[in-house]
Amino acid sequence: IFTLVKILLITSLVLGPMLMDQDTEALAGPKGKHDPNRTAYRHGYQDTSVPMGNQRVAVRRPRVRTTGTDQELPIPSYEAFANDDQLLEAALNRMLYGLSSRDYTYGIEDYSDLAETSSTSKSTISRRFIEASADQAKKILNRRFDDLTIPVIMIDGIARGDYTAIVVLGITDDGKKIIMGVRIGSTENSIVCRDLLVDLLERGLNYEHGLLAVIDGSKALRKALKQVFGDKVLIQRCQIHKERNVLGYLPEYKHEWVRRKLRKAWGRENAHEAVLHLKNLATALEHDFPDAAASLREGLEETVTLLKLAIPDLLRLSLRSTNPIESAFSLASKNMKNVKNWKNGSMVQRWVCTALLDAEQRAHRINGYRSVGILIAEINRLTSQPGGEAKESETA
């Protein structure tokens, strides 16, 4: 493949000047032949460069001007060669997969025997990456959802330096994962969370038939969800986060026993049974470990929301935690591991958006995606009237 690419590049370097000369002749007529009716004339050459591979190669561009008005005319073949898109993509991909701007020149093909190259300095590559990553960020921040059915959103934060990026991942009706929004702030700030959710609505998110939100234990995030979506949102607290929080208040020797009790409760047939077992566990912990008991009781019923929905176990397992969004974070973190100095929130947002879009392209559909239609009907059933979720809990 490399040999074929090099042959194509050599061919381009040879044909490029020939094509530009042909364009010049088409505009200004044959060289050295006087034509009183000509509308343009040659005006020498300009030393410039064009993208080749992932760098720039020096070329001599012929110049042509109109007779009378002396306006510069474009050379079609040069304009085609001069498109910077491949350079931006090369800088984006190489830095995203671990090549720093300082070491960028070690990752480019060696065409020094063909022509003098330029534009591979650290500052140039950095500028290219900033431009390319800003375009990637716009793809997320301006993404529309008018034509999509998104019954599930997952919200979590990824920290970089002194900044936290709040990320919303959506699951579509065919089980695909899409990055919906990224905002720099804190999941403990209800204003930031609310503004992020309102932005999703402004970009076309439809929650008329209800919405399931899978979140960690953030009270501010829960408040924002209720403010924006009201009774149309069902909140499922991440069971893994809850388990981790409870175990954090316990000595090591208690971990396995409590973990087993928690998972057995969450594996019950219905929400009512699960709540009873969880409350019994909290009571058992109360005397010796009151803080662990309090942690378990906080938001307890929202850890069993999925049990109120008559959906298959495989899909329920996929939605019991924020693992799908954390998997995206894991892939994104590998792409960002070489960045040591996070200068500002804009830089964090650009990198996070770029890395998450790359992760999105490699993501699989959630397990149990064939049952998402059942999930949509169940969400609609519970949210079709005010207080529907509470009534379901009472009668479960």
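Criteria and cut-off values
- Residues numbered from 1 in each chain as written.
- Predicted model: local features only at pLDDT ≥ 70, side-chain atom pairs only at ≥ 80, totals over all residues.
- Heavy atoms only, no water.
- Helix = DSSP H or I, 4+ residues; strand = E, 2+ residues; numbered from the N terminus.
- Buried < 20%, exposed > 50% of the residue type's maximum accessible area, 1.4 Å probe, protein only.
- Salt bridge = Lys/Arg side-chain N within 4 Å of Asp/Glu carboxyl O.
- Pairing = 2+ DSSP bridges.
- Axes fitted to C-alpha atoms, helices over the stretch in contact; angles between N-to-C directions.
- Expected span 1.5 Å × (residues − 1).
- Contact = heavy atoms within 4.5 Å.
- Parallel < 35°, antiparallel > 145°, perpendicular 65-115°, else oblique.
- Left-handed = near helix turned anticlockwise from the far one by under 90°.
- Nonpolar A, V, L, I, M, F, W, Y, C, P; charged D, E, K, R; others polar.

## A short note on the environment of L148
Right, so step 1: Secondary-structure assignment places L148 in the loop between helix 4 (122-141) and strand 5 (152-160).
Right, so step 2: Taking the relative accessible area as the measure of exposure, L148 reaches 37% and is therefore partly exposed.
Right, so step 3: Spatially, the C-alpha atom of L148 lies 10.0 Å from that of D174, the residues being 26 residues apart in sequence.

## Some details on the pattern of salt bridges
Side chains carrying opposite charge are able to pair once their charged atoms draw close together.
Right, so step 1: With the rule as written, the count across this model stands at 17 salt bridges.
Right, so step 2: Across the pair R143 and E360 runs a salt bridge, and its minimum N-O distance is 2.9 Å. Placement of R143 in the loop between helix 4 and strand 5 and of E360 in helix 13 (residues 345-362) is noted, with a sequence separation of 217 residues between them.
Right, so step 3: Where salt bridges share partners, they join R61, R63, R65 and E72 into one cluster.

## Some points on the sheet that holds strand 8 (residues 211-215)
Right, so step 1: Read from one edge of the open sheet, five strands run 7-6-5-8-9, paired in mixed fashion. Whereas interior strands pair on both sides, the edge strands pair on one side only; in this sheet they are strand 7 (177-184) and strand 9 (233-237). Between one strand axis and the next, the sheet turns through 25 degrees on average, direction left out of account.
Right, so step 2: When strand 8 meets strand 9, the two strands line up parallel, connected through five bridges.

## Quick notes on helix 8 (residues 252-266)
Right, so step 1: The first and last C-alpha atoms of helix 8 sit 22 Å apart over 15 residues, in line with the 21 Å expected at 1.5 Å per residue.
Right, so step 2: For helix 8, the full list of buried residues reads H255, V258, L262, A265 and W266.
Right, so step 3: As for helix 8, its buried residues are in contact with helix 7 (239-247), helix 9 (271-286) and helix 10 (290-297).

## Re the side chain of E243
Right, so step 1: Its location among the elements puts E243 in helix 7.
Right, so step 2: Apart from residues lying up to four places away in sequence, E243 is in contact with R259, L262, R263 and W266.

## Brief notes about the pairing of strand 5
Right, so step 1: Among the nine residues in strand 5, seven count as buried, and that is most of the element.
Right, so step 2: In textbook terms, the turn of a hairpin is the stretch between consecutive antiparallel strands, and for strand 5 and strand 6 (residues 163-171) this stretch comprises two residues, one of which, G161, has a positive phi near 60 degrees.
Right, so step 3: Inspection of the sheet shows strand 5 paired to strand 8 by three bridges, in the parallel sense. Looking at the pairing, V152 lines up with L212 of strand 8.

## What to know about the packing of helix 5 (residues 190-202) against helix 6 (residues 219-229)
Right, so step 1: Closest axis-to-axis distance for the helix 5/helix 6 pair is 8 Å, and the angle between their directions is 40 degrees. By the angle between their directions, the pair helix 5 and helix 6 is classed as oblique. Of the two possible hands of crossing, helix 5 and helix 6 adopt the one that is right-handed. Between helix 5 and helix 6, the contacting residues are S190, C193, R194, L197, V198 and L201 on the first element and A220, L221, K223, A224, L225, Q227, V228 and F229 on the second.
Right, so step 2: Split into classes, the residues belonging to the contact of helix 5 with helix 6 amount to ten nonpolar, two polar and two charged.

Purely spatial values, then, with no claim about function.
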